[in-house]
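Residue-level listing of the chains:
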Amino acid sequence: MSDDDRAMSARITDERIAKMRLRIGVPVPLPPPFNTEAHVDTMRHYAHGFGDPNPLYCDPEYGARTRWGSIIGAPLYIATLGRSLAGPMPEDIRQRSKGAFAGLGEYYGGSRWEFHVPVRPGDRFIVAQKLVDVQEQESRTAGRRSVRTDTEARYFRESDGALAAVHRWWFFHIERSATAARDRSKDPASVMPYYEPDEIEAIEQALLAERPRGAEPRYVEDVRPGDQTGTLHKGPMRISDVLAWRIGNGPGSTQWGAFRLMALTRKRVPGFFTRNEFGAWDVVQRLHWESGWAQRIGQPRPYDEGPMREAWLAHVATDWMGDDGWLESIETRISRFNYQGDLTKLSGTVTEVDPSGRVTLDIVGVNQRGEQTCGATAVVRLPSRSGPGQAPNGAPSGAPNGETTGREAS
């Protein structure tokens, strides 16, 4: 049996679920982060990787004039940082859980982020990561099983130990044969969309018209439930957009590289590789840019990555809130695939306004077929016209807990 056949024939069993549950609560050792230290260049690369040229995240001179006193990282940029102090997994756990979900398909379902302090140039972080839950789910595919796993990471600033962010995300693990066996002949997503020149021109004009709120404060007193954010356009998605995301975000937790580095990575995590069309080992993640592999596992063509769409959802909130706002939390939902050629329009609605400055946004992403493919609930802290007020821990209203803003510090 070939390695691809093994990957396609892997099954979910009670024994394999029990193996995975052995890892709950065990600190996860991680490879070195993509970025060891926050830097103006990698901050800009990350923001550009999901299509956000906001000068607060990209231009040091602009950032120095804001309340923060410097550029800061776009909210999810912190995921590219974080040095792990966890030692190797205990040998008994490693042996007893070995191969738990090897060969299964893994699909990102969403996450919840909480942000406590901004990321500034020069910051370094320590990350503590662990598996926190493993639960069997009801499968939409007859006769097949599905499992959800939840993982949590906590980021601490090295300079003072401050809790910077908490991230909990979940994957759905399914049998690849289940997706490969689906009849997609009547699925509208199986047809590659085509856009006439005038449609592309209209999309480009809409993209060029998008603007962040910027230096003009959005005060909480001026916001009402039902208010609408602007609309962001992401697409029609190209493979080059996925590659731009990879350049800014990095290769992911396995940190695979080219040639010798990839060979070393395969020795460390062999289950992360299958043979490609010319017989060489390649990462399973290539389904995001390689049509043949995407089709082999039952998808019509390559699709984006969940964290990439999460960055888009956060982009709606940060463009709307302006430089003086703070994204306190965002919980995302990835509900459908976003395929090569799809156009996603993202927009938000204010659902709650708290006089303390907290505003809740309901954000949705809808494709050109009218399907909602993702959504989020974001909580934003806005400044007040009545003055800075006091947020928890003495932080000025609109600023994250325990932070003194650059404008106020000066």
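Every value quoted in this text rests on a predicted model; they were computed, and no experiment measured them. Residue positions are counted from 1 within each chain, in the order its sequence is given. Residue-level local features of this predicted model are given only where pLDDT is at least 70; pairs of side-chain atoms are given and counted only at 80 or more, and the full residue set underlies all totals for whole chains, interfaces and linings. In computing side-chain values, all of the structure's heavy atoms are included and hydrogens and water are not.

(A) Quick peek at the sheet that holds strand E12 (residues 372-381). Here 10 strands make up an open sheet; going across it, the order is E1-E3-E4-E5-E2-E9-E12-E11-E10-E6 and the pairing mixed. The outermost strands of the open sheet, each flanked by one partner alone, are strand E1 (83-84) and strand E6 (232-234). Residues are treated as being in contact if the distance between any of their heavy atoms lies within 4.5 Å. Every axis corresponds to a line fitted to the C-alpha atoms, with the helix fit spanning only the stretch in contact, and the corresponding angles, defined between N-to-C directions, vary from 0 to 180 degrees. Helix and strand definitions here come from DSSP, where helices need a minimum of 4 consecutive H or I residues and strands a minimum of 2 consecutive E residues; each element is numbered from the N-terminal end. Lying on the sheet, helix H2 (residues 14-21) is in contact with strand E3 (125-137) and strand E4 (146-157); it crosses E3 at an angle near 155 degrees. For two strands to pair, DSSP has to find at least two bridges joining them.

(B) Main features of the pattern of salt bridges. Each salt bridge in this description consists of a side-chain nitrogen of Lys or Arg and a carboxyl oxygen of Asp or Glu lying within 4 Å of one another. Scanning the entire structure with this criterion turns up 26 salt bridges. For Arg145, the salt bridge identified is with Asp14, shortest N-O distance 2.6 Å. Here Arg145, found in the loop between E3 and E4, pairs with Asp14, found in helix H2; they are 131 residues apart in sequence, far enough to count as distant. Relative accessible area decides the class of each residue, using a 1.4 Å probe on protein chains only: under 20% of the type maximum gives buried, over 50% gives exposed, and in between gives partly exposed. By relative accessible area, which is 55% here, Asp14 ends up exposed. A salt bridge links Asp342 to Arg301; its shortest N-O distance comes to 3.8 Å. Residue Asp342 is found in the loop between strand E9 (326-334) and strand E10 (344-353), and its partner Arg301 is found in the loop between helix H11 (291-296) and helix H12 (306-321); the two are separated by 41 residues along the sequence. As far as the burial class goes, Asp342 and Arg301 line up, both buried. Several salt bridges converge on common partners, so that one network encompasses Arg301, Arg336, Asp342, Arg369 and Glu371.

(C) A look at the pairing of strand E2 (residues 105-115). Of all 11 residues that make up E2, 8 are buried, and the element is covered over most of its length. Sheet topology note: the E2/strand E5 (residues 163-174) ladder contains 10 bridges and is antiparallel. The residue of E5 that forms the bridge with Arg112 is Arg168. Across 5 bridges, the pairing between E2 and E9 is antiparallel. Paired with Arg112 across the bridge in E9 is Glu331.

(D) Examining the confidence of the model for the protein chain more closely. pLDDT is defined as a per-residue confidence score from the predictor, taking values between 0 and 100. In the predicted model, the protein chain carries a mean pLDDT of 90, and the fraction of residues at 70 or more is 90%. Here residues 389-396 is a poorly scored stretch, pLDDT under 50, and it has 20 contacts once near neighbours within four places are set aside; other chains count.

(E) Highlighting the packing of helix H9 (residues 239-249) against H12. At their nearest, the axes of H9 and H12 sit 11 Å apart, and the two run at 85 degrees to each other. With respect to their mutual orientation, H9 and H12 come out roughly perpendicular. Residue-level contacts link Asp241, Val242 and Trp245 of H9 to Pro307, Met308 and Ala311 of H12. In this classification, the charged set is Asp, Glu, Lys and Arg, the nonpolar set is Ala, Val, Leu, Ile, Met, Phe, Trp, Tyr, Cys and Pro, and all remaining amino acids, among them Gly, are polar. Classifying every residue of the contact of H9 with H12 by side-chain character gives 5 nonpolar, no polar and 1 charged. Angle categories are assigned with fixed cut-offs, so that under 35 degrees is roughly parallel, over 145 is roughly antiparallel, 65 to 115 is roughly perpendicular, and the rest are oblique.

(F) Seen up close, the packing of helix H3 (residues 40-49) against H9. Running from N to C, H3 and H9 cross one another at 155 degrees; their axes reach a closest spacing of 7 Å. Considering their axes alone, H3 and H9 lie roughly antiparallel with respect to each other. Crossing handedness for the pair H3 and H9: left-handed. For the pair formed by H3 and H9, the contact residues are His45, Tyr46 and Gly49 on the first element and Asp241, Ala244, Trp245, Gly248 and Asn249 on the second. A class-by-class count of the residues in the contact of H3 with H9 yields 3 nonpolar, 4 polar and 1 charged. Crossings are sorted by hand: turned counterclockwise from the far helix by less than a right angle, the near helix makes the crossing left-handed, and turned clockwise it makes it right-handed.

(G) Here's a closer look at the nonpolar core. Among buried residues, those of type Ala, Val, Leu, Ile, Met, Phe, Trp, Tyr and Cys that are joined through side-chain atoms within 4.5 Å constitute a nonpolar core. Membership of the largest hydrophobic core comes to 58 residues, with the highest contact counts inside it found for Leu327, Ile330 and Leu361. Broken down by element, the residue count for this core peaks at 9 residues, all from H12. When sequence neighbours within four positions are dropped, the list of residues in contact with Leu327 reads Pro75, Phe115, Ala314, Ala317, Met321, Ala378, Val379 and Val380. Formed by 15 residues, the second largest nonpolar core is a distinct cluster that contains Val284, Ile297, Tyr303 and Tyr339.

(H) Representation of the packing of aromatic side chains in the model. Only rings of Phe, Tyr and Trp enter the pairing, Trp through its six-membered ring, and a pair is recorded when the two centres are within 6.5 Å. The plane angle decides the type: under 30 degrees is stacked, over 60 is edge-to-face, the rest tilted. Per the counting criterion, the structure on display carries 13 aromatic pairs. Centre to centre, the rings of Tyr107 and Phe337 are 5.6 Å apart; their planes meet at 85 degrees, and the pair counts as edge-to-face. Here Tyr107 is found in strand E2, whereas its partner Phe337 is found in the loop between E9 and E10, with 230 residues between them in sequence. By relative accessible area, Tyr107 is classed as buried at 12%. Relative accessible area serves as the criterion here: at 24%, Phe337 is assigned to the partly exposed category.

(I) Representation of H12 within the structure. For H12, which comprises 16 residues, the first-to-last C-alpha distance of 23 Å matches the rise-based estimate of 22 Å (1.5 Å per residue) to within 8%. Taking burial as the measure, the 16 residues of H12 include 15 buried ones, the bulk of the element. Once H12 finishes, Gly322 follows within two positions and takes phi at roughly 85 degrees, a positive value. Under the convention used throughout, the expected extent of a helix is 1.5 Å for every residue step, that is, one less than its residue count.

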